[in-house]
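Summary of the model geometry
One-letter residues, chain by chain:
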Amino acid sequence: MDTLINVVAALALYYNLNEVKLAGEKKKAQELKTRLFRNSKEDIAEFKLVFRDKTVRVKRDEKEWRLLEPLQDRGDQFTLDNMAANLVNSISLRTLLENPDENKLPEYGLGVPYTQVYVKLKGGREEGPLLIGDMSPFEGYVYIRRPGDNTIYLANALLRKGLDKPLYDIRD
């Protein structure tokens, strides 16, 4: 009888451990699907932000971030690391409109986007542009379009705010 109880307990434990592991893997896969860029901040070698009124381009060498555009200078390491983390940690929160008519894009600030984000990874692969549009009337959200995706999403407005830094903040 004790053997039967031990076998049942072992099977229950095995089942629970596998279910927890599978649930965690499903959650991680779902989170990866909603991430705007599916890389770690360490994978980013360079990024370019094209705003309506300025362009900022930075590159990471082995040791530090360098500002390349609009001028060449040493970058503020803390600020640029945070900007890179903001890019890779941001997720699309909700699908707003699938396959919108191109004439609808200006309604969301995506006809001429507030920001276009281009990322170059260490292996040389380039991703982008991620289009960041206007702030949503729902406080705390911004309209976005992911690279290669013809859907308009809502994302946390911290994405836009975290990338829109004055030049003196990203310069060392």
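Please read all numbers here as calculations on a predicted model, not as lab measurements.

As a rule of thumb, nonpolar side chains are buried together in soluble globular proteins. Judged by nonpolar contacts, the single largest core of 27 residues is most densely connected at Ile44, Phe47, Val117, Val119, Ile132, Ile144 and Leu163. With five residues, the single largest contributor to this core is helix α2 (residues 77–89). If we skip the residues at most four places from it in the chain, Leu163 touches Leu49, Phe51, Met83, Asn86, Leu87, Val117 and Ile132. Formed by seven residues, the second largest nonpolar core is a distinct cluster that contains Leu105, Leu131, Tyr143 and Leu154.

The nine strands are arranged β4-β3-β2-β1-β6-β7-β8-β9-β5 in an open sheet whose pairing can be described as antiparallel. The open sheet has two edge strands with one neighbour each: β4 (73–74) and β5 (92–98). Alignment of strand β8 (residues 141–145) against strand β9 (residues 151–156), held across four bridges, turns out to be antiparallel. For Val142, the partnering residue across the bridge sits in β9 and is Ala155. Of the strands in this sheet, β1 (44–51), β2 (55–60), β3 (65–69), β4 and β6 (115–121) are in contact with α2, which crosses β1 at around 85°.

Scoring rules and cut-offs
Residues numbered from 1 in each chain as written. Predicted model: local features only at pLDDT ≥ 70, side-chain atom pairs only at ≥ 80, totals over all residues. Heavy atoms only, no water. Core = buried A, V, L, I, M, F, W, Y, C linked by side-chain atoms within 4.5 Å. Buried < 20%, exposed > 50% of the residue type's maximum accessible area, 1.4 Å probe, protein only. Helix = DSSP H or I, 4+ residues; strand = E, 2+ residues; numbered from the N terminus. Contact = heavy atoms within 4.5 Å. Pairing = 2+ DSSP bridges. Axes fitted to C-alpha atoms, helices over the stretch in contact; angles between N-to-C directions.

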